[in-house]
Amino acid sequence: MNHLRVPLASVGDFDEIIDVRTPLEFADDHIPGAINAPVLSNEERIVVGTMYKQVSPFDASREGAAMVARNIAHHLDTVFADRPRNWRPLVYCWRGGMRSASMTLMMNMIGWRARQLEGGYKTYRSDVVASLATLPPTLDYVVLAGHTGSGKTRLLHALADAGAQTLDLEGLAVHRGSLLGAMPDAPQPSQKAFDTRLIGALRALDPARPVFVEAESRRIGLVTLPESLMTALRGTMRCVEVNVPIDERVALLTQEYGHLLAQPEAFRAQLLRLVPLHGRAVVDQWLTMLDQGQQRELSEALITRHYDPAYTRSSRKLLKGLTQAMPFAFHPGAPDLRPQAQALLAVISPADKSSSEAVPPGSNAGR
């Protein structure tokens, strides 16, 4: 048994987590809190891999070892130059192989008590996937349903401010969930990175308290929700149907689409994707509204012709509890949404009332 290797359960015992994979691997996903100190760059890994296949494993290992040695030396002179003598880092690579073993060995030769993660990132990823299959059904969900433009995300945030437990799936996915829901200048995480964010959020929740969450389809932009979570959300009987007057929905949608309206060519490209659903003639009408700056008219047309019919078709099939959902009149444009959130909490979860009524610092409630 290699005494320098430790299991995944020991991750929290170390001062720092070091990911020695390439920057591209790190960007795709990594253990939360880890820093990237690659022992091979993106390009170097390709060179070594190509040499392994086209020349020989020996030549690839020799060249790779030289690259790794140079990169470790660089990190010791820069990233780790100020680490104290009693520093205890945990090092990992893709599957606990030579990349992390090399860094771990060198650190221990220096005198640091470095350890290598058994199985590397692959073990961590397997744990995330397994947890996403088992953890979601253990929580008590209250699903916020309602038409697009009802301000469900605003209500969710207000509930969080009021002390309720919430799960912001769109926030984790960096996407509003609809066809036009991409966030400006904020790319979505990879599927693996989303899974890491999601399992972190789920593990932070208390199973003894309700969890408020928006109704979502299986896909949020480019990422996919785990089937176990979808089954739990679709099966819950605790649903709230958020009702908002049409004029307020139009105003909210116009505001939320402001970044698209400011980039008409990008908005045009998005609207053209709706041609298979609505036909060219209808989409041309919407494009004319866009060209003429008729923002409210365009928002209302999208609500009445696109979003509302889609909601009617899908929601009652996807949400078992919607047939007996509690209606909740909501005004998303109010300057302070906290009183509305507290009113909902008082009805939905009276047992949780003491925690939900705690006033967070800086709140205007009660003034």
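Residues numbered from 1 in each chain as written. Predicted model: local features only at pLDDT ≥ 70, side-chain atom pairs only at ≥ 80, totals over all residues. Heavy atoms only, no water.

Asker: Any chance you could explain helix H5 (residues 120-134) here in plain terms?
Answerer: Helical periodicity: at 3.6 residues per turn, an α-helix aligns residues three or four positions apart in one direction. For H5, built from 15 residues, the straight-helix expectation of 21 Å at 1.5 Å per residue is met to within 8% by its first-to-last C-alpha distance of 22 Å. When H5 is considered as a whole, its buried residues turn out to be Gly120, Tyr121, Tyr124, Arg125, Val128, Ser131 and Leu132. One side of H5 carries all its buried residues, which in axial view fall inside an arc of 150°. Packed against the buried residues of H5 are strand S4 (89-92), strand S5 (115-117), helix H8 (191-203) and helix H9 (227-235). (Helix = DSSP H or I, 4+ residues; strand = E, 2+ residues; numbered from the N terminus. Expected span 1.5 Å × (residues − 1). Buried < 20%, exposed > 50% of the residue type's maximum accessible area, 1.4 Å probe, protein only. Arc of directions from axis to C-beta. Contact = heavy atoms within 4.5 Å.)

Asker: I tried to follow the packing of helix H12 (residues 264-272) against helix H14 (residues 280-291) on my own but got confused; where do I start?
Answerer: Two measures define how a pair of helices packs: the angle their axes make with one another and the distance between the axes. With their axes 10 Å apart at the nearest point, H12 and H14 run at an angle of 165° to one another. In terms of orientation, H12 lies roughly antiparallel with respect to H14. Of the two elements, H12 crosses H14, and the hand of that crossing is right-handed. Contacts between H12 and H14 involve Pro264, Phe267, Arg268, Leu271 and Leu272 from the first element and Arg280, Val283, Trp286, Leu287, Leu290 and Asp291 from the second. Within the contact of H12 with H14, the residues separate by chemical class into eight nonpolar, no polar and three charged. (Axes fitted to C-alpha atoms, helices over the stretch in contact; angles between N-to-C directions. Parallel < 35°, antiparallel > 145°, perpendicular 65-115°, else oblique. Left-handed = near helix turned anticlockwise from the far one by under 90°. Nonpolar A, V, L, I, M, F, W, Y, C, P; charged D, E, K, R; others polar.)

Asker: Just to check I follow, could you spell out the packing of aromatic side chains for this structure?
Answerer: Note on aromatic pairs: each is described by the distance of the centres and the angle between the planes. One pass over the structure, following the stated rule, counts five aromatic pairs. Between tryptophan 87 and tryptophan 112 the ring centres are 4.9 Å apart and the planes differ by 90°, which places this aromatic pair in the edge-to-face class. Of the two residues, tryptophan 87 is situated in the loop between helix H3 (57-77) and S4 and tryptophan 112 in the loop between helix H4 (98-110) and S5; the sequence distance between them amounts to 25 residues. By the burial criterion, tryptophan 87 is buried, and tryptophan 112 matches it. Between phenylalanine 328 and phenylalanine 330 the ring centres are 6.2 Å apart and the planes differ by 25°, which places this aromatic pair in the stacked class. Both residues of the pair, phenylalanine 328 and phenylalanine 330, belong to the buried class. An aromatic cluster of at least three residues, connected via ring pairs, comprises Phe80, Trp87 and Trp112. Arginine 83 extends its terminal NZ or CZ atom over the ring of tryptophan 87, reaching a point 5.4 Å from the ring centre. The positively charged end of arginine 88 is found above the aromatic ring belonging to phenylalanine 14, 4.7 Å away from the centroid. (Phe/Tyr/Trp six-rings, centres within 6.5 Å; stacked < 30°, edge-to-face > 60°. Lys NZ or Arg CZ within 6 Å of the ring centre and 35° of its normal.)

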